[in-house]
Amino acid sequence: MLSQSNRIAAVFALSLAVLPLQPALSAGGGGGGGGGVAVPSSSAPQYDPVVEYQDGVEAYRAKDYKKAAAAFGRVVAVVPNHAPAQYLLGASQIGQGNFKKARRPLEAAIKADPGLLEAQRDLGIAYARLGDPAKAAAQVEKLRALKTTCAGTCQQAAEIDTALEAVISAIAGGPVQALGPGRVLAPLGSVDGTYVTAVALINAGGYDPAIGLLSDSLWAAGPHPDLLTYLGFANRKLGRFDAASGWYRQALAVAPQHRGALEYYGELKLERGDLSGARDHLARLDRICGFGCQEADELRAWINGERPSAS
């Protein structure tokens, strides 16, 4: 495991050519390296969603589902499109036997990440337990379609079979247990290496694999604004502007003064012809930076038609 100073140096060495300096991940303050500030403040959430997510994961591991649900509920109040938190909120409600309260977060998790198998499975179970066999059967058909596409060869083949059996059993009135996420809920510190690798991939133009790594890291880190900002950047470089905007908005919901997110979202707005929006982001950066900072200088250059080739 790299020391804190070495992690920062490693990210600096990898990211200097493409991105402003982003230090290694840290749960404190929810702001990461892009200029986030400690919360609460007048413009930030009154609690730190990154810390709340970690508290929720710890409680979920301990099977304290009531405490976990409370923590994840505070996370999704700030970032409703964070699929892991929505799923874990729903799973925590199922752990308490409260299928009615599980339904909405599970639906939100699937809306945010349509490929989230655990959410599809648990939503089918919830529908069955709520006396809605038609919707439960619809989830079965979706899982069967996944099984057909997989044909026993995909990485999730066994999990698809387990999910199908669980929903069919629930429809038939069989026992239900909290199956939980089909992945290890790793501690935040485990993300550092993945984060550095993702930055290296971004620098090399490997945006799709970087997105995969960063998306997986959201399960361990929660809605960390550095991860969300990099997801926005990688999607933007692939021309997925709507997706990029969504990631930037999530980052700024968690850390309204995150300099990296403000700069890159401002550049994206300019690319989409929203000069007023870009100028608004520059004004926010100027207020935050006071005597100036790299992010404000680069966004100003973009607005003035002097776009750096690496942005």
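Look above for the structure.
Source: prediction; values computed, not measured.

### Focus on the state of the cysteines
1) Next: Tallying each qualifying case throughout the model produces 2 disulfides.
2) Next: Two residues share a disulfide in this structure: Cys150 and Cys154, whose sulfurs sit 2.1 Å from each other. Measuring handedness by torsion sign, the sulfur bridge of Cys150 and Cys154 sits at about -100° and is left-handed.
3) Next: Take Cys150: its relative accessible area is 5%, and that puts it in the buried class.
4) Next: Residue classification places Cys154 among the partly exposed positions, given a relative accessible area of 30%.
5) Next: The side chain of Cys289 participates in a disulfide bridge whose partner is Cys293; the two sulfur atoms lie 1.9 Å from each other. The chirality of the disulfide connecting Cys289 with Cys293 is right-handed, given an S-S dihedral of about 55°. No difference in accessibility class separates Cys289 from Cys293, as the two residues are buried.
6) Next: When the cysteines engaged in disulfides are numbered in sequence order, the chain pairs them as 1-2, 3-4.

### Looking at helix α5 (residues 99-112)
Residues spaced three or four apart along an α-helix face the same direction, because each turn holds 3.6 residues.
1) Next: Between its first and last C-alpha atoms α5 spans 20 Å; for 14 residues at 1.5 Å apiece the expected length is 20 Å, and the two agree.
2) Next: What α5 keeps buried is the set Phe99, Ala102, Pro105, Leu106, Ala109 and Ile110. Buried residues in α5, looked at end-on, bunch into an arc of 145°, giving them a common side. Residues of α5 that are exposed and point over 90 degrees away from its buried face: Lys100, Lys101, Arg104 and Lys111.

### Description of the packing of aromatic side chains
1) Next: In this structure the tally under the stated criterion is 6 aromatic pairs.
2) Next: Ring centres of Tyr60 and Tyr65 lie 5.4 Å apart, and the angle between their planes is 65°; this geometry places the pair in the edge-to-face category.
3) Next: The class for Tyr60 is buried, based on a relative accessible area of 9%.
4) Next: Residue Tyr65 is classed as buried on the basis of its relative accessible area of 15%.
5) Next: Seen in terms of ring centroids, Tyr248 and Tyr265 are 5.6 Å apart; in terms of plane orientation they differ by 35°. Their pairing is tilted. Here Tyr265 lies in helix α13 (residues 259-271) and Tyr248 lies in helix α12 (residues 241-254), a separation of 17 residues in the sequence. You'll find Tyr248 and Tyr265 in the same group, each marked buried.

### Re helix α4 (residues 83-95)
1) Next: With 13 residues, α4 should cover 18 Å at 1.5 Å per step; its first-to-last C-alpha distance of 18 Å lies within 8% of that length.
2) Next: Among the 13 residues in α4, 12 count as buried, and that is most of the element.
3) Next: Summarising the contacts, the buried residues of α4 are in contact with α2 (49-61), α3 (65-78), α5, α6 (117-129) and α10 (207-221).
4) Next: Just beyond α4, the residue with positive phi is Gly97, at close to 80°.

### Here's the deal with the pattern of salt bridges
1) Next: One pass over the full model with this rule turns up 12 salt bridges.
2) Next: Measuring nitrogen to oxygen at the nearest pair gives 2.5 Å for the salt bridge that ties Lys147 to Asp161. Here Asp161 lies in helix α8 (residues 157-171) and Lys147 lies in helix α7 (residues 133-150), a separation of 14 residues in the sequence.
3) Next: The class for Lys147 is partly exposed, based on a relative accessible area of 39%.
4) Next: Given the relative accessible area of 29%, Asp161 is considered partly exposed.
5) Next: The residue Asp208 makes a salt bridge to Arg240 at a minimum N-O spacing of 3.0 Å. Taken together, the residues Asp208 in helix α10 and Arg240 in the loop between α11 (225-237) and α12 connect sequence positions 32 residues apart.
6) Next: On the basis of relative accessible area, Asp208 is assigned to the partly exposed category, the value being 42%.

What counts as what
- Residues numbered from 1 in each chain as written.
- Predicted model: local features only at pLDDT ≥ 70, side-chain atom pairs only at ≥ 80, totals over all residues.
- Heavy atoms only, no water.
- Disulfide = S-S within 2.5 Å.
- Buried < 20%, exposed > 50% of the residue type's maximum accessible area, 1.4 Å probe, protein only.
- Helix = DSSP H or I, 4+ residues; strand = E, 2+ residues; numbered from the N terminus.
- Expected span 1.5 Å × (residues − 1).
- Arc of directions from axis to C-beta.
- Phe/Tyr/Trp six-rings, centres within 6.5 Å; stacked < 30°, edge-to-face > 60°.
- Contact = heavy atoms within 4.5 Å.
- Salt bridge = Lys/Arg side-chain N within 4 Å of Asp/Glu carboxyl O.

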